[in-house]
Amino acid sequence: MSAFAFLSPWWLLLLLLVLLLPFVARVGWQGVARLRFRHAFVHRFLQGEGVGQTLKPSTTDWLVWLAGVLMVFALAQPVWHLSQGTEVAEQQQSDGIVVLEASVSMLLTEADGQSRLAQSQRWLTQLLAQRDVNARTGLVVFGDDAYQVLSATTDAPLLTTLIGRINPALAGRGDSALLEGLTLGLAELVNLQSSSGWVLLVHDGAQSTLRGELQPLLDWANQHSIRLAVLSVGGLQASHDNTGGLLYTPRSDDLMQQLERQDAITASVDDASAISALQTALLQAQHQTTTRFVAGQELALMPYLLLLALFAWALPWLISARAQA
């Protein structure tokens, strides 16, 4: 739907002054001793001397007045928003939602010198770099609460930036909202009405105190042909002294194993072959077409109004010059 708007509407207040000038100028100003407006545009309407003397603006006066009106409209920066449209995109990979844990345990440092969150961010960045340009990916973060950070989008650089800015304890210190995070991810894919999709859970399972039952979520995912995947980060046992001021808590694979029995794709960060298989599964070819809205273009009308104002202002002089010639 097309729409007309002004980017700087406050300039339109000047119309009150410009519109009143022709009417004010029809009466002389002898009551004010020798008052003169020296501005050329205003002075054309203030030529009378007698009180009550009525002045009739000439064609030239009206053209100059019209130029002033057009100039005010130009200063208000009018734009015309063209209609939105739709386009069909050919997609070579399934839509996906990343459900990333951001609890305080993700601060723990592992043997490679990186925190669990840094491990997750590095792996997700590598995954997103290999996604199809038309494949949509979203982000959900959970801790004690769950939040949808970004709806499914084809803007992989934006998603990569947001993942890199996730801080531990952003959504609370624990990870009890794991099921809520999965629910948000599944709901996003269902709303997309994608023919296939996956939800990737990235967590350390260090606490895994779930609020609710897992099976209804699994049934819902199967109903909509959504596949679950799990990446477990962290070590199963402490291999060094942690210097982050936190008591080291080994990761737990209980939930990962439970989901694996339900045909989920699973991998732990220290299993290179499983990591490779997980990445291959998430990037596998899955041809589908999606219809998406395309924002309409914005046409700026200011240049055209300025040209019209210039033409209206110059027209009397052009006519006069031609008559004299």
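That block above? That's the structure.
Residues numbered from 1 in each chain as written. Predicted model: local features only at pLDDT ≥ 70, side-chain atom pairs only at ≥ 80, totals over all residues. Heavy atoms only, no water.

A.B. asks: Give a description of the sheet that holds strand 6 (residues 146–153) that names residues and reports values.
C.D. replies: In space, the 6 strands of this open sheet follow the order 6-5-4-7-8-9, with mixed pairing throughout. Two strands bound the open sheet, and with one partner strand each, they are strand 6 and strand 9 (265–268). Each neighbouring strand pair of the sheet contributes to a mean axis angle of 15°, computed without reference to strand direction. Here strand 5 (residues 137–142) runs beside strand 6; their pairing, made up of 5 bridges, is antiparallel. When the bridges of strand 6 are listed, Val-141 appears paired with Tyr-147. (Pairing = 2+ DSSP bridges. Helix = DSSP H or I, 4+ residues; strand = E, 2+ residues; numbered from the N terminus. Axes fitted to C-alpha atoms, helices over the stretch in contact; angles between N-to-C directions.)

A.B. asks: How would you summarise the nonpolar core if you had to cite specific residues and measurements?
C.D. replies: Within the largest apolar cluster, 30 residues are counted, with the highest numbers of intra-cluster contacts made by Trp-123, Leu-200 and Leu-278. Looking at this core, the elements with two or more residues in it are strand 4 (95–101), helix 4 (116–129), strand 5, helix 5 (156–164), strand 7 (197–203), strand 8 (226–232), strand 9 and helix 9 (272–283). The biggest single contributor to this core is helix 9, with 6 residues. For Leu-278, the contacting residues outside a window of four places in its chain are Trp-123, Leu-200, Ala-229, Val-230, Leu-231, Ile-265 and Ala-267. (Core = buried A, V, L, I, M, F, W, Y, C linked by side-chain atoms within 4.5 Å. Buried < 20%, exposed > 50% of the residue type's maximum accessible area, 1.4 Å probe, protein only. Contact = heavy atoms within 4.5 Å.)

A.B. asks: Could you give an account of the pairing of strand 7, with specific residues and numbers?
C.D. replies: Of all 7 residues that make up strand 7, 7 are buried, and the element is covered over most of its length. Of the two faces of strand 7, both are covered, the one formed by Gly-197, Val-199, Leu-201 and His-203 as well as the one formed by Trp-198, Leu-200 and Val-202. As paired strands, strand 4 and strand 7 are joined by 6 bridges and run parallel to one another. Each bridged residue has a counterpart across the sheet, and for Gly-96 the counterpart in strand 7 is Trp-198. Bridge count for strand 7 against strand 8 is 7 bridges, and the pairing is parallel. Bridge assignment links Trp-198 to a residue of strand 8, and that residue is Arg-227.

A.B. asks: Which residues make up unusual backbone geometry, and what values do they have?
C.D. replies: If you check the backbone angles, Ser-225 has positive phi at about 55° while not being a glycine. In this structure, Ser-225 sits in the loop between helix 7 (215–223) and strand 8. Unusually for a residue other than glycine, Asp-263 sits at a positive phi of about 70°. Looking at the secondary structure, you find Asp-263 in the loop between helix 8 (254–260) and strand 9.

What is shown is where atoms sit, not what they do.
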